[in-house]
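# Observations on chain architecture
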Amino acid sequence: MKNIATKKTLKIAAALLIAAATSACTTESISRATPLGATFGAAAPSDAVRIAPDFRVTKVNVVVPGSLSVSEDNGIKPRADIVWREDPFGNRYEQVKAVMEAGLTSGTRALKGHTPVVLDVQMVRFHAQTERVRYSNLPSKHEIEFLLTVRDANTGAVLVPSHMVNATFDALGGNAAVAADRAGLTQKQRIGEHLSTVIVSELSKPMAL
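The residue count restarts for each chain, going from 1 along the sequence in the order it is written. Given that this is a predicted model, residues contribute local features only at a pLDDT of at least 70 and side-chain atom pairs are listed and counted only at 80 or more, while totals for whole chains, interfaces and linings are drawn from all residues. The side-chain numbers reported here are obtained from all heavy atoms of the structure, hydrogens and water having been left aside.

Another aspect to go through is the nonpolar core. Of all hydrophobic cores here, the largest spans 33 residues; its most connected members are Met100, Met123, Ile144 and Phe146. Elements with a contribution of two residues or more to this core: strand E2 (55–63), helix H2 (92–108), strand E4 (115–127), strand E5 (141–152), strand E6 (158–166) and helix H5 (187–203). In what follows, residue pairs with any heavy atoms lying within 4.5 Å of each other are defined as contacts. Apart from residues lying up to four places away in sequence, Phe146 is in contact with Met100, Leu104, Val121, Gln122, Met123, Val124, His163, Met164, Val165, Ala167 and Leu195. Grouping buried Ala, Val, Leu, Ile, Met, Phe, Trp, Tyr and Cys residues that are joined through side-chain atoms within 4.5 Å yields what is termed a nonpolar core. Each residue's exposure class comes from its accessible area (1.4 Å probe, protein chains only) as a fraction of the maximum for that residue type: buried when under 20%, exposed when over 50%, partly exposed otherwise. Each helix is a run of H or I in the DSSP string that is no shorter than four residues. Each strand is a run of E no shorter than two, and both are numbered from the N terminus.

And the structure:
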């Protein structure tokens, strides 16, 4: 009986050690995944002081990595990072860069703060509609995702660490797309207006001190 009790005690101790080790790994993973300076729009202690950013954007740098895949396939949902058809066939990387810069720059003009900042934008995904989807009744979205970093325009110091911004929104299709075309409301225009709204919202999120 004594041996049985000893074995049970050892099993319980081992289980507690495993649980403690697992808990430690989980805590470490969470803490390592969160940048030390990521106070912008992130969870903060309940007693943290939150202030509204006072930004004025002086420049928008958009990078579309050559590692992103491009598709010209007229399918329902090509497996690619970049799908863009509204400009003539050509360098899709440069075309996406131009669309992003125009939309983001337009939005940042509304910010009249005292702190001059530069926005570094790295594209992750720019997946608009193929011709097949645009003029069908299939539901579709403009899937736009990018990494955003905010730096002090004078010192280059990072004020807001790199973080993902998801600017995905519903696209027009079928008769609605045809009506938009006739009215001169292009995909490029809708995307630009949406990006303008998204960037203002993103740069207006309270910061925790």
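Okay, H5 next. Every α-helix winds through 3.6 residues per turn, so residues three or four apart in the chain are directed the same way. Taking 1.5 Å of rise per residue, 17 residues should cover 24 Å, and H5 covers 24 Å from first to last C-alpha, within 8% of that figure. Of all the residues in H5, the buried ones are Gln187, Ile191, Gly192, Leu195, Ser196, Val198, Ile199, Glu202 and Leu203. A helix's residues, less one, multiplied by 1.5 Å, set its expected span.

Attention now moves to H2. Relative to the 24 Å expected for 17 residues at 1.5 Å per residue, H2 spans 24 Å between its end C-alpha atoms, a close match to the ideal helical length. Buried within H2 we find Arg92, Gln95, Val96, Val99, Met100, Gly103, Leu104, Gly107 and Thr108. Its side-chain oxygen placed 3.0 Å from the backbone nitrogen of Tyr93, Asn91 serves as the N-cap of H2. What qualifies as a polar contact is a pair of N or O atoms within 3.5 Å, subject to a donor-acceptor requirement within protein and to the restriction that residues adjacent in sequence count only when both atoms come from side chains.

Its place among the elements puts Arg92 in helix H2. At a separation of 3.1 Å, a polar atom in the side chain of Arg92 contacts the main-chain carbonyl oxygen of Asp87. Not counting residues up to four positions away in its chain, the partners in contact with Arg92 are Val70, Glu72, Ile82, Trp84, Arg85 and Asp87.

All right, on to the pairing of E5 then. Two strands make a pair as long as DSSP finds a minimum of two bridges between them. Here E4 runs beside E5; their pairing, made up of 10 bridges, is antiparallel. By the bridge assignment for E5, Arg125 is matched with Glu145. As judged from the two bridges shared by E5 and strand E7 (residues 169–170), these two strands associate in the antiparallel manner. Residue pairing in the sheet places His142 in a bridge with Phe169 of E7. Judged from the six bridges that link them, E5 and E6 form a sheet pairing that is antiparallel. By the bridge assignment, Arg151 is partnered in E6 with Val158.

Here we take up the environment of Ser162. In this fold, Ser162 is placed in strand E6. Linking Ser162 and Gln122, residues 40 residues apart in sequence, is a C-alpha distance of 9.4 Å. When neighbours within four sequence positions are excluded, Ser162 is seen to be in contact with Leu147, Leu148 and Thr149.

With that settled, the discussion passes to the side chain of Thr108. Along the chain, the position of Thr108 falls in helix H2. Setting aside chain neighbours within four positions, we find Thr108 in contact with Val57, Leu119, Ile199 and Leu203.

A few words on the pattern of salt bridges. We count a salt bridge whenever a side-chain nitrogen from Lys or Arg sits within 4 Å of a carboxyl oxygen from Asp or Glu. The full count for this structure, using the stated rule, is 10 salt bridges. Arg92 serves as the salt-bridge partner of Glu72, at 2.8 Å between the closest nitrogen and oxygen. With Glu72 in the loop between E2 and strand E3 (82–83) and Arg92 in helix H2, this pair connects stretches of sequence that are 20 residues apart. The exposure class of Glu72 is partly exposed, given its relative accessible area of 34%. For Arg92, a relative accessible area of 5% corresponds to the buried category. With a shortest N-O distance of 3.0 Å, Arg134 and Asp181 are connected by a salt bridge. Of this pair, Arg134 sits in helix H3 (residues 131–134) while Asp181 sits in helix H4 (residues 174–183), and the two are 47 residues apart along the sequence. Taken together, the salt bridges that share partners define one network made up of Glu72, Arg85, Arg92 and Glu131.

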